[in-house]
Amino acid sequence: MTVSAAAPRVRPGLDLAAIRADFPILARRVHGKRLVFLDSAASAQKPRAVIDAEREVYETEYANVHRGVYWLSERATASYEAAREKVRRLLNAREGREIVFVRGATEAINLVAQTFGRAFLAPGDEVLITEVEHHANIVPWQMLRDEKGIVLKVAPVDDEGDLDLDAFRSLIGPRTRLISVAHVANALGTVLPVEAIVGLARERGIPVLLDGCQAVQHQPIDVQALDCDFYVFSGHKLYGPSGVGALYGKAEWLEKMPPWQGGGDMIRSVTFDKTEYNELPWKFEAGTPNIAGVIALGAAVDYVQSVGYDAIASHETELLGYAVRELSKINSLRFIGRPRRRSGVISLALEGVHPHDIATILDREAICVRAGHHCAQPTMTRFGVPATVRASFGLYNGHDDVDALVAGLRKVQEVFGL
Ligand code: PLP
């Protein structure tokens, strides 16, 4: 196949009109109006390169991978493994065998909880997380707590939504066996001080898992520079397909961890007496994977890199600053969290109006925002709200989207007589 259809185009800076033209759905009108998509933190829209890559797999080179000796299967396998190399380069992992394809970040964290957790955690051992984690980085550890009697420790954030690093430090103890934290918090947009966190962990020999679900689409990731032990992300937030994501793990950990799911592809040999497991990374990839999804994820990586993280980051930073300034002008609007370093996300409330009502009225203006707890109920509890309205930004958003949001919120105020 010509996944080369998704080959990078070099663009200096970020040409918003050209970017938008890459995303077919953005041309769609909703309720007769221009679509204003501000829910990329939940799932981002897909560029044509990704859509084409997935379609082309099925049209030109679809077969199961790692199994067939025939040409088509070898082609599919080559493209599948080429996508692994793209993800390796994206994260700057040392080796391709450190990249495991999974369904998404949720599956990646569960994999670590179930394999690392089962093998290396004993009753009374502690896993340290923060107060602003997604449920995907809370519940797997609670399940392990119920199964194995581990202890879950939770580091607090301050009223702005920034991590209290002193409190975090004080929660690290002799029984801390794993630190598992978001790189960027999904409900508030807080960029956590992951370098400092890894530094504290390194001094004490504690492995660190970083949940990069809300980071990898906004900033370059270098797992070697970060020196984390695990890094996870979901493809669908990186402009790739849903149902596919990646777990990076240092080879020395992945080698020692037992497999999670058993089945095809993860074995070297099977008898009824004994099974020998496959080598990395396939030891963790039991069963037929999301072949076309993985290859299209490779196309998403190509796409993001063709735009360039410098261009993406400077565009989005400027846009977030503009959004915060413009939203601040709305009376009765309250930001939920005002983190020092923010990425991609703004959570807000209008006094006296339920977030779901806000989102419903905005929808009539073709503005898509998320209202709810954002799979981060403990964050809501911390800020004393049942839910927030969350506007989240991708590389295709512009000032016009922010202006539409502000106008939409003023309409909400009118409706509610605020
Ligand atoms: N972690 C964070 C920080 C997230 O934002 C999300 C999704 O919103 C997840 C984990 C779970 O991702 P997925 O549902 O793609 O597995």
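Cut-off values and rules
- Residues numbered from 1 in each chain as written.
- Predicted model: local features only at pLDDT ≥ 70, side-chain atom pairs only at ≥ 80, totals over all residues.
- Heavy atoms only, no water.
- Near = heavy atom within 4 Å.
- Polar contact = N/O pair within 3.5 Å; in protein donor to acceptor, adjacent residues only side chain to side chain.
- Areas by Shrake-Rupley, 256 points an atom, 1.4 Å probe, with all protein chains shown as cover.
- Nonpolar A, V, L, I, M, F, W, Y, C, P; charged D, E, K, R; others polar.
- Axes fitted to C-alpha atoms, helices over the stretch in contact; angles between N-to-C directions.
- Helix = DSSP H or I, 4+ residues; strand = E, 2+ residues; numbered from the N terminus.
- Left-handed = near helix turned anticlockwise from the far one by under 90°.
- Contact = heavy atoms within 4.5 Å.
- Pairing = 2+ DSSP bridges.
- Phe/Tyr/Trp six-rings, centres within 6.5 Å; stacked < 30°, edge-to-face > 60°.
- Buried < 20%, exposed > 50% of the residue type's maximum accessible area, 1.4 Å probe, protein only.
- Patch = residues over 30% accessible without salt bridge, like charges linked within 9 Å, V, L, I, M, F, W, Y side chains within 5 Å.
- Salt bridge = Lys/Arg side-chain N within 4 Å of Asp/Glu carboxyl O.
- pLDDT = per-residue confidence, 0-100.
- Domains from an automatic or database assignment.
- Buried area = accessible area lost by both parts, 1.4 Å probe.

## Thoughts on the site of the ligand
Stage number 1. In the vicinity of the ligand, the contacting residues are Ala 105, Thr 106, His 134, Ala 136, Asn 186, Asp 211, Cys 213, Gln 214, Ser 234, His 236 and Lys 237.
Stage number 2. At 2.6 Å, a side-chain N or O of Thr 106 approaches an oxygen atom of the ligand.
Stage number 3. Burial of the ligand by the protein amounts to 85% of the accessible area it has alone, namely 390 Å².
Stage number 4. By residue class, the composition of the shell around the ligand is three nonpolar, six polar and two charged.

## Details of the packing of helix α2 (residues 48-60) against helix α10 (residues 291-307)
Stage number 1. Remark: α2 packs on α10, axes separated minimally by 8 Å, with the N-to-C direction vectors making an angle of 150°. Considering how the two elements wind past one another, α2 and α10 form a crossing that is right-handed. Seen from α2, the contacting residues are Ala 49, Val 50, Ala 53, Glu 54, Val 57 and Tyr 58; seen from α10, they are Ala 292, Gly 293, Ile 295, Ala 296, Ala 299 and Ala 300.
Stage number 2. Split into classes, the residues belonging to the contact of α2 with α10 amount to 10 nonpolar, one polar and one charged.

## Focus: the sheet that holds strand β13 (residues 333-335)
Stage number 1. Strands sit in the order β13-β14-β17-β16 across an open sheet of four strands; the sheet is antiparallel. Of all strands in the sheet, those bounded by a partner on one side alone are β13 and β16 (370-372). Averaged over all pairs of adjacent strands, the angle between strand axes in this sheet comes to 35°, irrespective of strand direction.
Stage number 2. Examined bridge by bridge, strand β14 (residues 345-350) and strand β17 (residues 388-392) share four bridges and lie antiparallel to one another. Bridge assignment links Leu 348 to a residue of β17, and that residue is Val 389.
Stage number 3. Lying on the sheet, helix α11 (residues 309-328) is in contact with β13 and β14; it crosses β14 at an angle near 10°.
Stage number 4. Across the sheet, helix α14 (residues 399-415) touches β13, β14 and β17, and the angle it forms with β14 is around 15°.

## Here we look at the packing of aromatic side chains
Stage number 1. Going through the model one piece at a time under the given rule, you end up with 10 aromatic pairs.
Stage number 2. Relative to Phe 101, the ring of Tyr 80 lies with its centre 5.5 Å away and its plane at 65°, an arrangement referred to as edge-to-face. Placement of Tyr 80 in helix α3 (residues 71-91) and of Phe 101 in strand β4 (residues 99-102) is noted, with a sequence separation of 21 residues between them. The pair Tyr 80 / Phe 101 is uniform in exposure class, with both members buried.

## Description of the sheet that holds strand β8 (residues 208-211)
Stage number 1. Strand order in this open sheet of seven strands is β4-β10-β9-β8-β7-β5-β6, and the pairing throughout is mixed. Edge positions in the open sheet fall to β4 and β6 (151-155), since each of these has one partner strand only. For this sheet the average axis-to-axis angle between neighbouring strands, irrespective of direction, equals 20°.
Stage number 2. Sheet topology note: the strand β9 (residues 230-234)/strand β10 (residues 245-249) ladder contains five bridges and is antiparallel.

## Thoughts on a nonpolar patch on the surface
Stage number 1. A cluster of nonpolar side chains, Val 415, Phe 416 and Leu 418, forms an exposed patch at the surface whose accessible area comes to about 280 Å².
Stage number 2. Position of Val 415 among the secondary structure elements: in helix α14.
Stage number 3. On the basis of relative accessible area, Val 415 is assigned to the exposed category, the value being 56%.

## Section: unusual backbone geometry
Stage number 1. Cis geometry marks the peptide bond from Leu 280 to Pro 281; its omega dihedral reads 0°.
Stage number 2. Mapped onto the secondary structure, Pro 281 falls in the loop between β12 (275-277) and α10.
Stage number 3. Its identity is not glycine, yet Asp 227 carries a phi of approximately 60°, on the positive side.
Stage number 4. Its location among the elements puts Asp 227 in the loop between α8 (223-226) and β9.
Stage number 5. Take Asp 227: its relative accessible area is 28%, and that puts it in the partly exposed class.
Stage number 6. One non-glycine residue, Asp 265, lies in the positive phi region at around 75°.
Stage number 7. Among the residues examined, Asp 265 registers a relative accessible area of 13% and is labelled buried.

## Overview of the confidence of the model for the protein chain
Stage number 1. Averaged over every residue, the pLDDT of the protein chain is 95; residues scoring 70 or more account for 97%.
Stage number 2. Overall, residues 1-11 carries pLDDT values under 50, and its contacts beyond four positions in sequence, including any with other chains, amount to 28 contacts.

## What to know about the domain arrangement of the protein chain
Stage number 1. Splitting the protein chain by domain gives domain 1 (16-46 + 308-412) and domain 2 (53-305).
Stage number 2. A buried area of about 3100 Å², summed over both sides, lies between domain 1 and domain 2, and 51% of it is on carbon and sulfur atoms.
Stage number 3. There are two salt bridges connecting domain 1 and domain 2.
Stage number 4. Linking Glu 131 and Arg 382 is a salt bridge whose minimum nitrogen-to-oxygen distance equals 3.8 Å.
Stage number 5. Looking at the side of domain 1 that touches domain 2, the elements that each hand over two or more residues are α1 (16-22), α11, β14 and α13 (377-383).
Stage number 6. When residues of the side of domain 1 that touches domain 2 are assigned to their parent elements, the largest contribution, six residues, is made by α13.

## With respect to the environment of Arg 342
Stage number 1. Counting through the fold element by element, Arg 342 comes out in the loop between β13 and β14.
Stage number 2. Residues Arg 342 and Val 184, 158 residues apart in the sequence, show an inter-C-alpha distance of 8.1 Å.
Stage number 3. Contact partners of Arg 342, with chain neighbours within four places excluded, come to Leu 188, Gly 189, Val 191, Leu 320, Val 324, Phe 335, Gly 337 and Ser 347.
Stage number 4. From its side chain, Arg 342 meets the backbone oxygen of Gly 337 in a polar contact 3.3 Å long.

## Details of the pairing of β9
Stage number 1. Most of β9 is tucked away: five of the five residues are buried.
Stage number 2. Neither face of β9 is open: one carries Phe 230, Val 232 and Ser 234, the other Tyr 231 and Phe 233, and all of them are buried.
Stage number 3. Pairing between β8 and β9: three bridges, direction parallel. The partner of Leu 210 across the bridge, within β9, is Tyr 231.

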